[in-house]
Structures are given as structure tokens and as C-alpha cells.
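Structure at a glance
Take a look at the letters that make up each chain.
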Amino acid sequence: METYTLHKVDTRLYVQGFSGVLVFKALYAVLTAFLLFVILYISAGSLPATIICIPLFFGYLHRLSRIQKDPGPEGWQKQRTSRKLPGFIVIKKRLHQMHTS
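First things first, this report covers the structure right here in the doc. All of these numbers come straight from a predicted model, not from anything done at the bench.

So, on to the overall build of the protein. Looking only at helices and strands, one finds three helices and two strands in the protein. Counting helices and strands in the order they occur from the N terminus, the protein gives β-β-α-α-α. Evaluated residue by residue, the protein yields a buried proportion of 21% over its 101 residues. At a minimum sequence separation of 6, the contacts of the protein that also span at least 24 residues come to 51%.

Listed below in C-alpha cells is the structure:
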């Protein structure tokens, strides 16, 4: 009788350096920046729309890339969950531990 080993299959979504829920956050950032740019372009003109939307968009993408590099999507979600817990619950295990080789 043959034995088979089970391997975990990675089902996360990867797009341009983002993975997991951060892919959808980046997509929402693109759509929001585009809609904000269109609204400002129609109401205030091209220069204010450019000055407001482009730095906000790239700043948010930079923030997402820092989240991706430092805690990762899973660690980021654990941090968000731990902030919602009541004050009397104490988490003693670190959420993100540095691996030194």
C-alpha cells in the first residue's frame, strides 16, 4: 500500500507584491482614487485633482506595502483583532516574532 503525504496548498491571492486581503485593499484604493479624481476634475479642475489624489493614492499604497513587509496580512489581521478585545484579556504571545538565522 502506497502512502501519500498531504501538503498545504497556498490559496492566497498574490498581485504585485500584495497578498491576502491587502490585494483587495489595493484594489479599493485604486477605485477610490479614480472616483475622487473624476469628481475633483469635474468640480475643481485638473490641477487640484492631481495635487490631492496622486499623493493620497501613493501614500496609501506605501502604507499597504509596509504592512505587507512588516507583519504581513495574517499578522495585520491578528493585530486588528487584538485591538477589538476587551481590556481584561491579555495576549502574552507576540503577534509577530523576528526569525534570526
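Okay, the packing of aromatic side chains next. Describing an aromatic ring pair means giving the distance of the ring centres and the angle of the ring planes. What the rule picks out here adds up to two aromatic pairs. With a centroid separation of 5.9 Å and 25° between ring planes, the pair formed by F37 and Y41 is classed as stacked. One end of the pair, F37, and the other, Y41, are both in helix α1 (residues 21-43), four residues apart, so they sit about a helical turn from each other.

With that settled, the discussion passes to a nonpolar patch on the surface. Together, F34, L35, V38, Y41 and I42 give the surface a local cluster of nonpolar side chains, amounting to about 540 Å² of exposed area. When its relative accessible area of 48% is taken as the criterion, Y41 is described as partly exposed.

All right, on to a positive patch on the surface then. A grouping of R63, R80, R83 and K84 is seen on the molecular surface, where their side chains present a positively charged patch. Looking at the positive patch element by element, the count peaks at three residues for helix α3 (residues 72-84). Take R83: it is sitting in helix α3. Using a relative accessible area of 62% as the deciding quantity, one classes R83 as exposed.

By secondary structure assignment, the location of G20 is in the loop between β2 (18-19) and α1. Judged by relative accessible area, G20 falls into the buried class, the value being 18%. Along the backbone, G20 and Q68 are 48 residues apart, and their C-alpha atoms lie at a distance of 9.5 Å.

Conventions used here
- Per chain, the residues get numbers from 1 upward, laid out in the order the sequence is written.
- The model is predicted, so local features are restricted to residues of pLDDT at least 70 and side-chain atom pairs to those at 80 or more, both for listing and for counting; the totals for chains, interfaces and linings are taken over all residues.
- Side-chain metrics in this entry use all non-hydrogen atoms of the structure; hydrogen atoms and water are not considered.
- Secondary structure elements follow DSSP: runs of H or I no shorter than four residues count as helices, runs of E no shorter than two count as strands, and numbering proceeds from the N terminus.
- Exposure categories follow from relative accessible area, calculated using a 1.4 Å probe and restricted to protein chains: below 20% of the type maximum is buried, above 50% is exposed, and the middle band is partly exposed.
- When checking whether two residues touch, look at their non-hydrogen atoms; a contact exists if any pair is within 4.5 Å.
- Pairing of aromatic rings covers Phe, Tyr and Trp, the last through its six-membered ring, and needs centres within 6.5 Å; plane angles under 30 degrees mean stacked, over 60 mean edge-to-face, and all others mean tilted.
- For patch building, the residue pool is restricted to those with more than 30% relative accessible area and no salt bridge; the joining distance is 9 Å between like charges and 5 Å between nonpolar side chains (Val, Leu, Ile, Met, Phe, Trp, Tyr).
- The accessible surface values rely on the Shrake-Rupley method and a 1.4 Å probe; as for residues, cover is taken only from the protein chains in view.
- Within this document, salt bridges are pairs made up of a side-chain nitrogen of Lys or Arg and a carboxyl oxygen of Asp or Glu, the two lying within 4 Å of each other.
- Charge counting treats Lys and Arg as positive and Asp and Glu as negative, with His and both chain ends excluded.
- Throughout, a charge is located at the NZ atom of Lys, the CZ atom of Arg, the CG atom of Asp or the CD atom of Glu.

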